[in-house]
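So you can see what is in the structure, the chains are spelled out below.
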Amino acid sequence: MNVFISGTSSGIGKACAELFLERGHDVWGFDIAEPSVRHEHFHHVTHDVRDTEELAGLPEAEIVINNAGVLEEEDAIDVNLLGNIRFSERFHESPRLHSVLFIASASARNGSEFPLYVVSKSGIVGYMKNLALALASRGITVNSISPGGVITPANQHILDDEELYRQVLAESLLGKWADPEEVAELAYYLTVTNRSITGEDILMDNGEMLRSNFIW
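Counting restarts for each chain, with residues numbered from 1 along the sequence as it is written. In keeping with the model being predicted, local features are shown solely for residues with a pLDDT of at least 70 and side-chain atom pairs are shown and tallied solely at 80 or more, while totals for entire chains, interfaces and linings include all residues. The basis for every side-chain value is the complete set of non-hydrogen atoms in the structure, without hydrogens or water.

**Things to note about the overall build of the protein chain**
- Within the protein chain one finds seven helices and seven strands.
- A radius of gyration in this sense is built from C-alpha atoms; the matching globule rule multiplies 2.2 Å by the number of residues raised to 0.38. Its C-alpha radius of gyration of 17 Å places the protein chain within 12% of the 17 Å reference for a compact globule of 216 residues.
- The principal-axis extents of the C-alpha atoms in the protein chain amount to approximately 60 × 35 × 35 Å.
- Within the protein chain, the fraction of its 216 residues that count as buried is 50%.
- Accessibility throughout is a Shrake-Rupley quantity obtained with a 1.4 Å probe, and a residue counts as covered only by protein chains that appear here. Within the structure as shown, the protein chain displays about 10600 Å² of accessible surface, and the carbon and sulfur contribution to it stands at 52%.
- His residues and chain termini do not enter the charge count, which takes Lys and Arg as positive and Asp and Glu as negative. Charge coordinates come from a single atom per side chain, which is NZ of Lys, CZ of Arg, CG of Asp or CD of Glu. In the protein chain, 15 side chains carry a positive charge and 33 a negative one; their mean positions are 5 Å apart. Secondary structure elements are taken from DSSP: a helix is a run of H or I of four residues or more, a strand is a run of E of two residues or more, and numbering for both begins at the N terminus. Burial status follows relative accessibility: with a 1.4 Å probe on protein chains alone, a residue under 20% of its type maximum counts as buried, one over 50% as exposed, and anything between as partly exposed.

**A few points about a nonpolar patch on the surface**
- Like-charged residues are merged into a patch within 9 Å and nonpolar side chains (Val, Leu, Ile, Met, Phe, Trp, Tyr) within 5 Å, provided each residue has over 30% relative accessible area and no salt bridge. We define a salt bridge as a side-chain nitrogen of Lys or Arg found within 4 Å of a carboxyl oxygen belonging to Asp or Glu. On the surface, Leu173, Leu174 and Leu210 cluster together into a nonpolar patch covering about 340 Å² of accessible area.
- By the secondary structure assignment, Leu174 is in the loop between helix H6 (162-169) and helix H7 (180-193).

**Describing the pattern of salt bridges**
- By the definition in use, this model includes seven salt bridges.
- Across the salt bridge formed by Asp75 and Arg50, the nearest N and O atoms sit 3.6 Å from each other. Remark: Arg50 occurs in the loop between strand S3 (42-46) and strand S4 (63-66) and Asp75 occurs in helix H2 (residues 73-89); sequence separation between them is 25 residues.
- A relative accessible area of 33% means that Arg50 is categorised as partly exposed.
- Several salt bridges converge on common partners, so that one network encompasses Asp48, Arg50 and Asp75.

Next comes the structure, spelled out in structure tokens:
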């Protein structure tokens with residue numbers, strides 16, 4: 001299948017690109033950074049999801065994974081929400097479209113982040129549901145994954161602070177964060193294998209949402 005993924009130069013996007021390539025798909029990676037994936041079936045497109053210019057010369061999209069994202073408050077709405085909506089909408093009319101996936105965040109459920117980041121990820125979950133309704137008549141599935149902590153370069157400032165990292169791990173039931181490859185495996189299932197789940201946001205947070213300090 002032709003797989004289009006935004007934000008493939010690092011983290012979850014890179015892990016998704018590598019997994020789809022490993023399993024025989026053709027991947028187009030869209031990113032403002034230089035490509036970090038090297039494969040004969042990987043095609044890098046230098047692109048900012050905030051841009052409005054046409055993307056010419058591309059094949060028909062079959063799988064679209066909206067992953068591009070930032071942590072910075074000043075860019076959160078433009079990149080995480082509006083940018084990913086714009087990126088996704090470019091490919092909705094593809095006659096070969098099979099599935100669409102968004103990478104949201106556990107923060108969309110618990111509000112536990114910086115305000116505009118939370119709003120951007122919550123908005124993505126809402127848009128995902130709206131799109132699932134719109135594309136259902138064509139048999140296209142649309143879902144999102146909401147990871148909690150993930151071991152990526154974007155979180156390096158936490159990973160490098162031993163005491164801070166210990167504190168955040170203590171907030172999860174399993175006492176760990178996810179690897180990008182775990183998220184990629186779920187992304188693969190939802191976009192390739194799955195035919196009956198649509199309009200759902202799948203939480204992947206090592207039990208952090210269930211963590212409580214209830215006193216009997």
